Amino acid sequence: MIPFDSFLIDVFWLIGLGFAVAWVNAAFPGRHLVEIFSGIILVLFWVSSIGMYCEWSAAAWMWKMMGAESGRDWMINSGIFNFDWRNLTVGSHILFGTLFAAYPLWLYTGLRIGYSIFGRRKD
């Protein structure tokens, strides 16, 4: 699991990892590495991020390592902000669910940037 994730940093991690996967595709074409790596990245991010947001006990080590009161506190405040994470509205949960659903978009954005630099190879 990725211990340095929160809503604030996940976008940048996913774009950067998409960029790296595009480089791998250019260096080692034709091996389905884009699909494999993209799937692994998304599963790891969703398990760790949603696990923290839902305060899954198996993810507790991550938010404790960051010094947050809970996983939801870490995901929302990232150790920087001071939003009230204890009293969220239904709209807030919908917003955060939308952010989780957008993770493939951020990874794809990184892939597109990488493809524009390294090219896309399908051998």
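Residues numbered from 1 in each chain as written. Predicted model: local features only at pLDDT ≥ 70, side-chain atom pairs only at ≥ 80, totals over all residues. Heavy atoms only, no water.

A.B. asks: Which residues make up the side chain of Ser-38, and what values do they have?
C.D. replies: Mapped onto the elements of the fold, Ser-38 is located in helix α2 (residues 33-53). The buried category is assigned to Ser-38, whose relative accessible area is 11%. Residue contacts for Ser-38: discarding those within four places in its chain leaves Val-21, Leu-33, Leu-107 and Leu-111. (Helix = DSSP H or I, 4+ residues; strand = E, 2+ residues; numbered from the N terminus. Buried < 20%, exposed > 50% of the residue type's maximum accessible area, 1.4 Å probe, protein only. Contact = heavy atoms within 4.5 Å.)

A.B. asks: Any details on α2? Residues and values, ideally.
C.D. replies: Think of an α-helix as 3.6 residues a turn; residues three or four steps apart then line up on the same face. Its 21 residues place the ends of α2 29 Å apart at the C-alpha level, agreeing with the 30 Å of an ideal helix rising 1.5 Å per residue. Those residues of α2 that sit buried are Leu-33, Val-34, Ser-38, Ile-41, Leu-42, Phe-45, Ser-48, Ser-49, Gly-51, Met-52 and Tyr-53. In the core, the buried residues of α2 are packed alongside α1 (7-27), α3 (60-65), α4 (71-77), α5 (90-101) and α6 (103-118). Note on α2: the residue one or two positions beyond its end, Glu-55, has a positive phi of about 55°. (Expected span 1.5 Å × (residues − 1).)

A.B. asks: Please give an account of unusual backbone geometry that cites residues and values.
C.D. replies: Of note, Glu-55 is a non-glycine position whose phi angle comes to about 55°, a positive value. In this fold, Glu-55 is placed in the loop between α2 and α3. Here Glu-55 falls in the partly exposed class, since its relative accessible area comes to 34%.

A.B. asks: I'd love a proper account of the environment of Tyr-108, names of residues and values included.
C.D. replies: Of note, Tyr-108 is situated in helix α6. C-alpha separation for the pair Tyr-108 and Lys-64, spaced 44 residues apart in sequence, amounts to 31 Å.

A.B. asks: Give me the lowdown on the nonpolar core, citing residues and values where you can.
C.D. replies: Formed by 25 residues in total, the largest nonpolar core has its most connected members in Phe-7, Met-52, Tyr-53, Trp-63, Met-75 and Tyr-103. Among the secondary structure elements, those contributing two or more residues to this core are α1, α2, α3, α4, α5 and α6. (Core = buried A, V, L, I, M, F, W, Y, C linked by side-chain atoms within 4.5 Å.)

A.B. asks: Give a description of the packing of α2 against α5 that names residues and reports values.
C.D. replies: For the pair α2 and α5, the least separation of the axes is 11 Å and the interaxial angle reads 170°. If you check the angle between α2 and α5, you find them roughly antiparallel. Residues Trp-46, Ser-49, Ile-50 and Tyr-53 of α2 form the contact with α5, whose own contacting residues are His-93, Phe-96 and Phe-100. Of the residues belonging to the contact of α2 with α5, the class tally is five nonpolar, two polar and no charged. (Axes fitted to C-alpha atoms, helices over the stretch in contact; angles between N-to-C directions. Parallel < 35°, antiparallel > 145°, perpendicular 65-115°, else oblique. Nonpolar A, V, L, I, M, F, W, Y, C, P; charged D, E, K, R; others polar.)

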